[in-house]
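Single-letter residue listing:
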Amino acid sequence: MQLAKEGADVGINDIVRDSTADHTIREVERLGSKVSWHQANVGNSDDISRMMDEFEAEHGGIDIVVNNAVASVKNSFLDITEMDWDLEIDNALKGPFLLSQRAAKTMVAQRRGGRIVSISSVHAFWAQEYNLVYGVAKAGAVMITKSMALDGAKENIRLNCVCPGWVPTPMIDYHLSQLDDPKAFQARLERLHPLGLGDPEHIATGFVFLASDEARWITGIALPIDGGLTCGIAAD
């Protein structure tokens, strides 16, 4: 949404078109930007190619990619199944690699560079109980960003990632709803973030900055936007 506010035309992809997708499309249109809808599984290379072909036909090329797909498996490592592993890794690690690779090939052919920004997490840097596969995927997202940035620099393609702290999203709200005492857990989260809990716009601002010309000498970084969460353990 923030990119649309800055005047970018937007393609939106998800595995299903639900009310959230429809709302986002209407909001982008309200801002005056061109918007296209795509339905692809980012863990599938054929779906990625089809989605990119559709986007390029609709918009005439591509300059910015945001990798934001995720699945969330909450289990002890003793209970994680192979299916759990594949679901998370396909969405949060394989998907960003496949999409970045396919988009970068178009950017090279366009000969005007490009910007690719992926979403990682503070869980790339420290572990959390029942969050093994998610943490592995997000740590991997940091490293593939750095590795791809080395190759991308030769073609003026910048690749970076953002590592959010806890902010209210539908996925976070769902996980809170599964707890015995969600209010107590949220209060604990607020204490862990020295600046308090943020909101999705804080994260979006980081994406917009890294995709902008102001960040033209920045590539290969993992930017925490976490209200100070990863600074260390704050006193209660």
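(A) Region of the structure containing the nonpolar core. Ranked by size, the top nonpolar core spans 18 residues in total, and within it Ile48, Val65 and Ile116 carry the most contacts. The set of elements that each furnish at least two residues to this core consists of helix H3 (45-59), helix H4 (82-110), helix H5 (132-152) and strand S5 (157-164). In terms of residues, this core owes the most to one element, H4, which gives five residues. Those residues in contact with valine 65 that lie beyond four places of it in its chain are Leu99, Ala103, Met107, Arg115, Ile116 and Val117.

(B) Here's a closer look at the pairing of strand S3 (residues 64-67). By the alternation rule, side chains of S3 split into Val65 and Asn67, which are all buried, and Ile64 and Val66, of which none is buried. Two strands pair when backbone bridges link them, and S3 and strand S4 (residues 114-119) are joined in this way by four bridges, in the parallel orientation. Its bridge partner being in S4, asparagine 67 is matched across the sheet by serine 118. Each parallel crossover has a hand, and the one from S3 via H4 to S4 is right-handed.

(C) Highlighting the sheet that holds S3. Taking strand neighbours across the sheet as the criterion, the four strands line up as S3-S4-S5-S6 in an open arrangement whose pairing is parallel. Each edge of the open sheet carries a strand with a single partner, namely S3 and strand S6 (222-225). Averaged over all neighbouring strand pairs, the angle between strand axes comes to 20°, with direction disregarded. Lying over the sheet, helix H8 (residues 200-211) contacts S3, S4, S5 and S6, oriented at roughly 165° with respect to S5.

(D) Highlighting the packing of H3 against H4. Direction vectors running N to C along H3 and H4 enclose 40°, while the axes themselves pass 10 Å from each other. With respect to H4, the axis of H3 lies oblique. In this structure, H3 crosses over H4, and the sense of that crossing is right-handed. Listed contacts from H4 to Ser45, Ile48, Ser49, Met51, Met52, Asp53 and Glu56 of H3 are Leu98, Leu99, Arg102, Ala103 and Thr106. Grouping the constituent residues of the contact of H3 with H4 by class yields six nonpolar, three polar and three charged.

(E) Layout of the pattern of salt bridges. Using the criterion set out here, one finds nine salt bridges in the structure. Here aspartate 22 ties to arginine 17 by a salt bridge, and the two come within 2.6 Å at their closest N and O atoms. Relative accessible area serves as the criterion here: at 46%, arginine 17 is assigned to the partly exposed category. Ionic pairing is found between lysine 154 and aspartate 151, a salt bridge with its closest N-O pair at 3.6 Å. Of the two residues, lysine 154 and aspartate 151, both sit in the exposed class. Each of Asp47, Arg50 and Glu54 takes part in one network of salt bridges that share partners.

Thresholds, definitions, all that
Residues numbered from 1 in each chain as written. Predicted model: local features only at pLDDT ≥ 70, side-chain atom pairs only at ≥ 80, totals over all residues. Heavy atoms only, no water. Core = buried A, V, L, I, M, F, W, Y, C linked by side-chain atoms within 4.5 Å. Buried < 20%, exposed > 50% of the residue type's maximum accessible area, 1.4 Å probe, protein only. Helix = DSSP H or I, 4+ residues; strand = E, 2+ residues; numbered from the N terminus. Contact = heavy atoms within 4.5 Å. Pairing = 2+ DSSP bridges. Right-handed = clockwise from strand over helix to strand, strands pointing away. Axes fitted to C-alpha atoms, helices over the stretch in contact; angles between N-to-C directions. Parallel < 35°, antiparallel > 145°, perpendicular 65-115°, else oblique. Left-handed = near helix turned anticlockwise from the far one by under 90°. Nonpolar A, V, L, I, M, F, W, Y, C, P; charged D, E, K, R; others polar. Salt bridge = Lys/Arg side-chain N within 4 Å of Asp/Glu carboxyl O.

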